[in-house]
Every structure is written in structure tokens, then in C-alpha cells.
Amino acid sequence: GKKGHCTANGMIMYDKAVWSPKPCITCLCSKGEVICDTTMCHPLKCPKTIIPAGECCPVCSDSASSLDSSIISLDDISELSGDSPEPNDLDNTNALSSAHTQTEKDELLRTEVVELKEKKVHKKNEKKRKRKGKKNRQKHKAYHREKKPITRKEAAAEEIQYESDEDDDTLRMPSRFPIPVPPIEAPPLPPGCSTSDSTVSCINAKLTQIPPISDPELTSLDLTGNSITTISDEAFNGIPNLEWIDLSKNNITSPGIGPQAFKILKKLKRLYLDGNMLVHIPSELPSTLEEIKINDNHLHAIDEDGLQDLKNLVTLELEGNKLSEANVSPLAFYPLKSLSYLRLGRNKFRIIPQGLPATLE
């Protein structure tokens with residue numbers, strides 16, 4: 001009854017609705033016209049490429065050749081369209097960490113040995129100078145005693161004065177050759193992981209935990225198809241600027257997620273947790289989130305605080321769980337002031353849930 005609706009595959013789609021009729025194709029309903037866009041893949045400069053399961057674009061299959069190509073084409077930008085960023089090659093972190101060659105390390109070691117030798121010689125000369133100065137002071141005091149009598153107090157004061165001068169000289173002596181501290185290199189990525197300038201991809205890499213990564217420039221992390229069961233409070237401390245995380249098809253449980261695990265991610269926009277073992281929505285999710293997918297889990301309830309502070313959320317997918325009108329609070333969706341797309345299929349609802357936001361399309 002409204003203008004701007006589209007018909008696609010026998011379904012009526014609202015204006016501005018977005019859907020994917022086929023893998024790697026995204027369609028938009030714009031004022032009654034269906035506009036579809038296919039993911040464009042940037043050509044790779046490696047001899048062997050593979051297309052991972054569930055992905056649209058090929059990636060380099062050889063990690064060594066991926067490293068070389070990343071160094072050559074570091075400024076290249078992939079032309080992509082659709083929901084998910086795609087993994088490319090290896091990032092700046094590995095390139096920088098390999099900059100310290102064996103020759104530089106040997107040179108640093110030789111420099112430290114020379115500095116230690118010079119310090120020893122300097123200490124030896126300083127001791128000689130002090131002994132010579134002490135003898136001269138003793139001769140000086142003996143000469144003055146012959147000239148005029150001196151009291152014990154004056155002698156003690158004179159000795160203290162000379163000692164304080166000696167101490168001052170020692171303290172004022174600067175360190176001429178400071179020993180440089182070698183930089184701490186980040187641990188290498190596990191086998192099966194590839195990296196580009198802003199994305200780390202570890203698809204089906206047999207990981208049991210989130211790998212320790214330290215790269216503030218990283219924005220995307222794909223850990224699909226592993227055996228991860230827990231997410232600690234410190235899991236993302238080294239990558240606080242993530243905007244997109246895909247943890248689909250793992251074995252993550254609700255007790256295994258730390259209460260502060262996602263709190264550090266102040267720029268996170270997309271969180272995918274499809275195909276895990278969650279029984280409730282994780283707590284303390286960032287308010288910057290625009291899209292959450294928790295399809296095919298074991299969600300059995302959403303209380304009134306389950307989605308709190310998610311005022312920027314546009315898309316929420318909760319298909320294939322155990323939700324019903326009996327275990328979803330009528331106030332659960334109240335905080336979602338921007339929600340326009342909601343999927344609740346394959347649950348146990350007999351009626352439409354109460355309290356759905358008016359912004360839904």
C-alpha cells in the first residue's frame with residue numbers, strides 16, 4: 001500500500017531494505033527499483049590463490065609469497081562492496097618486525113661490549129684520580145700543620161668538604177654511552193592465518209583461543225570455523241580499534257565470555273557469533289555496534305537488560321534459537337532506537353513479540 005516497495009523472488013521488500021539473494025551479491029530496494037551489486041575482488045600478486053569456504057574473493061595460499069606481495073602492494077586498496085571486509089595479504093607489523101636483521105643485532109652487541117669496556121676504564125681512572133687527590137690533600141694538610149696549629153673540628157670539616165666535593169664530581173659525571181633497549185617484537189601469527197594492512201584472517205586455522213595480536217591499526221578480525229571456546233577479558237587489549245569481528249562456527253559458550261571482553265572495543269560496528277553455543281547475549285557490548293548476528297545458537301531468553309545501550313544498532317539477527325514470547329521480555333527491544341532489520345525465524349514464537357521498536361522496516 002506504500003510507494004517505493006519492491007518485489008523480489010515473490011516477496012515484497014520495503015524501501016531501503018537490503019538482502020543477499022545469492023552469495024557475494026547484495027541487493028537494495030530503492031524507491032521501487034531493485035539494485036544489486038556483486039563483490040569486486042582485487043587481483044592478487046601471488047602464484048597460488050584459493051577461495052575459502054563461505055568467501056567471495058580468493059586469498060594467497062602460500063604465506064611466504066603473501067608476505068612478499070604485501071610489501072610490494074602495501075598501498076593497494078581492494079574495491080569491495082557488501083557487508084563483510086575481505087582478508088588480503090600480510091600487514092605492516094610483520095614487515096616491520098623483520099626489519100631488525102642479524103647484522104643490526106650483531107652491531108648492537110658490539111656497541112654494548114665497547115661501552116662496557118669504556119666504563120671499566122673510566123672507573124679505573126677515577127679510582128686513580130681519587131687516590132692521587134687524597135695523597136695531595138694529606139701533603140697539603142701536613143704543610144699547614146707545620147705553619148700553624150689546627151683544631152680537630154677544623155680537620156674534620158676539611159675532610160668532609162673534600163669528600164663532598166669528590167661525591168659531587170661522581171654524581172655529576174653523565175653517562176656518555178646509554179645502552180639502547182631493543183624493541184619488543186609482537187608474537188608471530190599462528191599457521192593458517194593471513195594478514196593485510198588492516199585485516200587478520202584465521203579461517204579454519206584450528207585455533208582453540210583468540211591469538212595474541214598487538215596492532216592498534218587492525219580494524220577487522222576473521223576467526224570463522226575454529227575451535228575457540230572462551231573469550232577472556234584481555235583478548236582484544238592489543239587490538240582496541242577493531243570495527244568488525246567474525247567468530248562464527250566456533251564453540252564459544254556464554255560462561256566462557258568474560259564480562260569485560262568487548263568493553264575495550266570503542267569502535268566496534270559488526271559482531272558475528274553465528275553457529276556457537278551461547279545461551280544468552282553477551283553483556284557490556286559497545287554502544288557503537290550497528291550489526292549483531294547470533295543465529296543458530298542456544299539463546300533461551302532475552303531479559304530487559306540484554307540489549308541495553310545499543311542505541312545505534314540497525315541490524316539484529318537471532319534466527320535458529322530457542323526464543324519465544326514467554327522468555328523474551330516486552331522491554332528487551334526498547335533500547336534499540338535505530339533498529340530497522342530484525343530476524344527471529346526458526347525460534348518458538350507463536351505470536352509477534354511485544355515491544356518491537358517503531359523504526360523497524
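One can find the structure itself at the top, above this paragraph.
So, here's what we can say about the structure. Nothing here was measured: the structure is a model prediction, and the numbers come from that model.

Some words on the overall build of the protein
So, point 1. If you tally the helices and strands in the protein, you get four helices and 15 strands.
So, point 2. A burial count over the protein gives 33% of its 361 residues as buried.
So, point 3. In the form shown here, the protein has an accessible surface area of approximately 22400 Å², with 55% of it arising from carbon and sulfur atoms.

Quick look at the packing of aromatic side chains
So, point 1. Counting across every chain of the model gives two aromatic pairs.
So, point 2. With 6.1 Å between their ring centres and 90° between their planes, Trp244 and Tyr272 make a pair best called edge-to-face. You can see Trp244 sitting in strand β11 (residues 244-246) and its partner Tyr272 sitting in strand β12 (residues 270-272), a full 28 residues away along the chain.
So, point 3. In this structure, Lys293 is placed above the aromatic ring of Tyr272, and the distance from its NZ or CZ to the ring centre is 4.6 Å.
So, point 4. Its guanidinium or amino end placed over the ring of Tyr334, Lys337 lies 3.7 Å from that ring's centre, counting from NZ or CZ.

With respect to the sheet that holds strand β4 (residues 25-30)
So, point 1. As summarised here, the arrangement of the three strands in space is β3-β4-β5, forming an open sheet in which the pairing is antiparallel. At either end of the open sheet lies a strand with only one pairing partner, and these are β3 (18-19) and β5 (33-38).
So, point 2. Relative to β4, β3 is paired through two bridges, and the arrangement is antiparallel. Paired with Val18 across the two strands is Leu28, which belongs to β4.

Observations concerning unusual backbone geometry
So, point 1. Notably, Glu284 is not glycine yet its phi reads approximately 55°, a positive angle.
So, point 2. Relative to the helices and strands, Glu284 is located in the loop between β12 and β13 (291-293).
So, point 3. For Glu284, a relative accessible area of 37% translates into the label partly exposed.
So, point 4. Its identity is not glycine, yet Asp296 carries a phi of approximately 55°, on the positive side.
So, point 5. For Asp296, the location among the structural elements is in the loop between β13 and β14 (315-317).

What to know about the nonpolar core
Soluble, globular proteins show a tendency: their nonpolar side chains are buried together.
So, point 1. Formed by 47 residues in total, the largest nonpolar core has its most connected members in Ile231, Phe236, Phe262 and Leu316.
So, point 2. Other than its neighbours up to four places away in sequence, Phe262 contacts Ile231, Phe236, Ile257, Leu268, Leu271, Pro282, Glu284, Leu285 and Pro286.
So, point 3. Judged by nonpolar contacts, the second largest core, of seven residues, contains Cys6, Met13, Ala17 and Cys27.

Some remarks on the pattern of salt bridges
So, point 1. Inspection of every chain in the model, using the stated rule, returns seven salt bridges.
So, point 2. We note a salt bridge from Asp296 to Arg346, for which the minimum N-O separation is 2.8 Å. Of this pair, Asp296 sits in the loop between β13 and β14 while Arg346 sits in the segment after β15 (341-343), and the two are 50 residues apart along the sequence.
So, point 3. Taking the relative accessible area as the measure of exposure, Asp296 reaches 38% and is therefore partly exposed.
So, point 4. In this structure, Glu325 and Arg350 form a salt bridge, with 2.9 Å as the shortest nitrogen-oxygen distance. Pair noted here: Glu325 is in the loop between β14 and β15 and Arg350 is in the segment after β15, with a separation of 25 residues, a long-range link.

Cut-offs applied
- Residues numbered from 1 in each chain as written.
- Predicted model: local features only at pLDDT ≥ 70, side-chain atom pairs only at ≥ 80, totals over all residues.
- Heavy atoms only, no water.
- Helix = DSSP H or I, 4+ residues; strand = E, 2+ residues; numbered from the N terminus.
- Buried < 20%, exposed > 50% of the residue type's maximum accessible area, 1.4 Å probe, protein only.
- Areas by Shrake-Rupley, 256 points an atom, 1.4 Å probe, with all protein chains shown as cover.
- Phe/Tyr/Trp six-rings, centres within 6.5 Å; stacked < 30°, edge-to-face > 60°.
- Lys NZ or Arg CZ within 6 Å of the ring centre and 35° of its normal.
- Pairing = 2+ DSSP bridges.
- Core = buried A, V, L, I, M, F, W, Y, C linked by side-chain atoms within 4.5 Å.
- Contact = heavy atoms within 4.5 Å.
- Salt bridge = Lys/Arg side-chain N within 4 Å of Asp/Glu carboxyl O.

By themselves, these are just geometric observations and shouldn't be taken as functional.
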